[in-house]
Amino acid sequence: MKFLFLFLPLAWLLDRSGQSPAALTFAAAALAIVPLSALMVDATEQLSHRTGQTVGGLLNATFGNAPELIISLMALRAGLLDVVKASIVGVVLGNLLFVLGLSFLIGGLKYRVQKFNRRGARVQRSMLMLAVFSMVVPSLFDSFVSPEFADLGDGLNLGVAWVLLTAYALNLVFMLKTHPDYFEAKGRDAAVEPEEAHWPVWAALGVLLAASVALAFMSEILVGTIEPTARSLHMSKAFIGVIVIALVGGAPESVAAVAMARKNKLDLTMGIAVGSSIQIALFVAPTLMLSSYFLAPKPLNLVIGNAGMVLVLLSVLIFSMIVSDGKSNWFKGVQLLSVYLLIALFCYYLPDSPAIPWIKP
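Residues numbered from 1 in each chain as written. Predicted model: local features only at pLDDT ≥ 70, side-chain atom pairs only at ≥ 80, totals over all residues. Heavy atoms only, no water.

### What to know about the pattern of salt bridges
Any two side chains of opposite charge can pair if their charged atoms end up close together.
Phase 1: With the rule as written, the count across this model stands at two salt bridges.
Phase 2: The shortest N-O distance in the salt bridge between Arg 77 and Glu 220 comes to 2.8 Å. With Arg 77 in helix H4 (residues 66–77) and Glu 220 in helix H8 (residues 201–224), the pair connects residues that are 143 residues apart, well separated along the chain.
Phase 3: For Lys 332, the salt bridge identified is with Asp 325, shortest N-O distance 2.8 Å.
Phase 4: Owing to a relative accessible area of 12%, Lys 332 belongs among the buried residues under this scheme. (Salt bridge = Lys/Arg side-chain N within 4 Å of Asp/Glu carboxyl O. Helix = DSSP H or I, 4+ residues; strand = E, 2+ residues; numbered from the N terminus. Buried < 20%, exposed > 50% of the residue type's maximum accessible area, 1.4 Å probe, protein only.)

### A closer look at a nonpolar patch on the surface
Phase 1: On the surface, a cluster of nonpolar side chains totalling about 390 Å² of accessible area is made up of Met 129, Val 310, Leu 313, Leu 314 and Leu 317.
Phase 2: When residues in the nonpolar patch are grouped by element, the largest group, four residues, is from helix H13 (residues 305–323). (Patch = residues over 30% accessible without salt bridge, like charges linked within 9 Å, V, L, I, M, F, W, Y side chains within 5 Å. Areas by Shrake-Rupley, 256 points an atom, 1.4 Å probe, with all protein chains shown as cover.)

### Side note on the side chain of Ser 254
Phase 1: As for its position among the elements, Ser 254 is in helix H11 (residues 251–262).
Phase 2: We classify Ser 254 as buried; its relative accessible area is 14%.
Phase 3: Each residue touching Ser 254, except ones within four places of it in the same chain, is listed here: Phe 98 and Val 99. (Contact = heavy atoms within 4.5 Å.)

### A look at unusual backbone geometry
Generally, phi is negative for residues other than glycine and the peptide bonds are trans, each holding for most cases.
Phase 1: One non-glycine residue, His 234, adopts positive backbone phi at about 55°.
Phase 2: If you trace the backbone, His 234 turns up in the loop between helix H9 (226–233) and helix H10 (237–249).
Phase 3: Note on His 234: relative accessible area 68%, which makes it exposed.

### Observations concerning the packing of H13 against helix H14 (residues 330–349)
Phase 1: With their axes 11 Å apart at the nearest point, H13 and H14 run at an angle of 175° to one another. Comparing the axis directions of H13 and H14 gives the class roughly antiparallel. Touching Ala 307, Leu 311, Ser 315, Ile 318 and Ile 322 of H13 are Lys 332, Gln 335, Leu 336, Val 339, Ile 343 and Phe 346, all from H14. (Axes fitted to C-alpha atoms, helices over the stretch in contact; angles between N-to-C directions. Parallel < 35°, antiparallel > 145°, perpendicular 65-115°, else oblique.)

### Some remarks on the packing of aromatic side chains
Phase 1: Scanning the model with the defined rule gives five aromatic pairs in all.
Phase 2: A ring pair is formed by Tyr 348 and Tyr 349, whose centres lie 5.2 Å apart and whose planes are at 85°; its orientation type is edge-to-face.
Phase 3: The class of Tyr 349 is exposed, set by a relative accessible area of 63%.
Phase 4: Within the aromatic cluster, the residues linked to one another by ring pairs are Phe 239, Tyr 348 and Tyr 349. (Phe/Tyr/Trp six-rings, centres within 6.5 Å; stacked < 30°, edge-to-face > 60°.)

### Digging into a positive patch on the surface
Phase 1: Taken together, the side chains of Lys 115, Arg 118, Arg 122 and Lys 327 present a region of like positive charge at the surface.
Phase 2: Mapped onto the fold, Lys 115 is located in strand E1 (residues 114–115).
Phase 3: Using a relative accessible area of 32% as the deciding quantity, one classes Lys 115 as partly exposed. (Lys, Arg positive; Asp, Glu negative; His and termini not counted. Charge placed at Lys NZ, Arg CZ, Asp CG, Glu CD.)

### Here we look at the packing of H4 against H8
When two helices pack together, their arrangement is given by the angle between the helix axes and the distance between those axes.
Phase 1: It is at 9 Å that the axes of H4 and H8 come closest, and there the two elements cross at 45°. Of the possible angle classes, the one that applies to H4 and H8 is oblique. Where H4 crosses over H8, the two elements pack in a sense that is right-handed. Contact residues: Pro 67, Ile 70, Ile 71, Met 74, Ala 75 and Arg 77 in H4; Ser 212, Leu 215, Ala 216, Ser 219, Glu 220, Leu 222 and Val 223 in H8.
Phase 2: Here the contact of H4 with H8 is composed, by residue class, of nine nonpolar, two polar and two charged. (Left-handed = near helix turned anticlockwise from the far one by under 90°. Nonpolar A, V, L, I, M, F, W, Y, C, P; charged D, E, K, R; others polar.)

### Observations regarding the nonpolar core
Phase 1: Residues Leu 100, Phe 104, Leu 222 and Met 270 are the most contacted members of the largest nonpolar core, which totals 104 residues.
Phase 2: If we ignore the near neighbours within four places in the chain, the residues touching Phe 104 are Phe 116, Leu 266, Met 270, Ile 322, Val 323, Ser 328, Asn 329, Trp 330, Lys 332, Gly 333 and Leu 336. (Core = buried A, V, L, I, M, F, W, Y, C linked by side-chain atoms within 4.5 Å.)

In structure tokens, the structure reads:
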């Protein structure tokens, strides 16, 4: 993966030239984000050795969402509100279906059955339902209330944002302070590994900072080429936002979660993938909405449309059914990946037409 660092200067040169095809610059910036994300994963894993699996999963989810947050902030500044909301939906779906499905598949090919803490999974499932409800409420209001009451919708979105941020803060208190045992790994299932040399804390933090700065630079190039790339490749905005941008922004979760599944540390895998979805819905989304009042041409709302509501709700329900027994195997991974591929096909063939709205900007 180290050779992908070559795409950092390449993306910069293509962007500076101004003559290169937008799709080529977009691809170079996207590939450059992958090794930077992996570097953040390595540094975060080094920090997690000193914090335990619960805090380690939270750290991985937090820094794993850094590319998505940075990309979305750049998109907000560019006024691409529909792309921001589509990518929020896409990251939630990608973590629950693609990342977790790939982790179950890869881990299941090495271990016949893998187990994880059912109590922690139940809490995560309930938080995901809260996240879904937070997306449904503004969309329902937009669908059933007359446009003349649009100002009330702005107040509703602000209220939802503050409720979500409060719920996320209390979720951290529950995980880290009052009930950390709910999220502890099953010691008998963890694979015994030889002790490895750990980075100094200052080195891990320095790598995280440097990678974040580089990610911000690459994200600005990526965002600047989204619309011309979509036109040149004849891709719908739904596919670009829900699938392409979400997978690029979610690269750290994919790398970290699959790596932990291969080591039979499925509790950490769940903490990364599911915790990232919760963090996106309860923290990143309202943070982006509040930031839009300062960065974007107009405020971002949390309306994701009827299609977005159905996709998110069904994905969370399928996830809840598959993880309810506290066990995983390779075929459960296949099931989750199959649902993700179906959603990708839907987004790819969904036309960009005012008569068929996907997400209202």
